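Chain by chain, the residues run as shown.
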Amino acid sequence: KYASHSCVKCKLLDKVLKHLNLLDKTETVYIEDLTEDELTQLNATSVPILLVSNGKTTERLVGNILPQDIHDIVEKLNNGV
């Protein structure tokens, strides 16, 4: 998860991840700690950014991320996409 220390949506995403028992399985990187080149490479135009991966494919969710959004991506990745 890419977040900002002052981001309200990021704090809400933490609550969603906690509710889904995924917060302890999520690594958080704060954009304030990234270089300009890293931000450009990430294409970080807004936060939060949640990257979900099954080891082969990575899906990206940005902004207002709902529990159903996460559930749908996890289900999609578990079905071998």
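Bear in mind the structure is a predicted one, so any value in this text is a computation, not a measurement.

Draft legend 1. Structural context of the overall build of the protein chain. Looking only at helices and strands, the protein chain has 3 helices and 4 strands in total. For the protein chain, the C-alpha radius of gyration of 13 Å lies close to 12 Å, the compact-globule estimate for 81 residues. Each principal axis of the C-alpha distribution contributes one length, and for the protein chain these read about 35 × 25 × 20 Å. Of all 81 residues assigned to the protein chain, the portion counted as buried reaches 28%. With an accessible surface of roughly 5,500 Å², the protein chain has 50% of that area assigned to carbon and sulfur atoms.

Draft legend 2. Geometry of unusual backbone geometry. Across the junction of Val47 and Pro48, the peptide omega takes the value 5°, indicating a cis bond. For Pro48, the location among the structural elements is in the loop between α2 (36–42) and β3 (49–53). At Asn21, a residue that is not glycine, the phi angle is positive and equals roughly 60°. Within the secondary structure, Asn21 is located in the loop between α1 (8–19) and β2 (29–30). In this structure Asn21 comes out as exposed when scored by relative accessible area, which is 56%. Phi is positive for Asn43, which is not a glycine, with a value near 60°. Mapped onto the elements, Asn43 comes out in the loop between α2 and β3.

Draft legend 3. Structural detail: the pattern of salt bridges. Under the definition given, this model contains 2 salt bridges. Asp14 serves as the salt-bridge partner of Lys1, at 2.2 Å between the closest nitrogen and oxygen. Linking Lys1 in the segment before β1 (2–3) with Asp14 in helix α1, this pair joins segments that are 13 residues apart in sequence. For Lys76, the salt bridge goes to Glu59, with nearest N and O atoms at 3.3 Å. Within this pair, whereas Lys76 is found in helix α3 (residues 67–78), its partner Glu59 is found in strand β4 (residues 58–62), the two being separated by 17 residues in sequence. We classify Lys76 as partly exposed; its relative accessible area is 35%. Overall, Glu59 belongs to the buried group, its relative accessible area being 17%.

Draft legend 4. Focus on the pairing of β3. By the bridge criterion, 5 bridges tie β3 to β4 in an arrangement that is antiparallel. When the bridges of β4 are listed, Ser53 appears paired with Thr58. Between β3 and β4, which pair antiparallel in sequence order, lie 4 residues; one of them, Gly55, sits at a positive phi of approximately 95°.

How each quantity is defined
- Residues numbered from 1 in each chain as written.
- Predicted model: local features only at pLDDT ≥ 70, side-chain atom pairs only at ≥ 80, totals over all residues.
- Heavy atoms only, no water.
- Helix = DSSP H or I, 4+ residues; strand = E, 2+ residues; numbered from the N terminus.
- Rg over C-alpha atoms; globule rule 2.2 N^0.38 Å.
- Buried < 20%, exposed > 50% of the residue type's maximum accessible area, 1.4 Å probe, protein only.
- Areas by Shrake-Rupley, 256 points an atom, 1.4 Å probe, with all protein chains shown as cover.
- Salt bridge = Lys/Arg side-chain N within 4 Å of Asp/Glu carboxyl O.
- Pairing = 2+ DSSP bridges.

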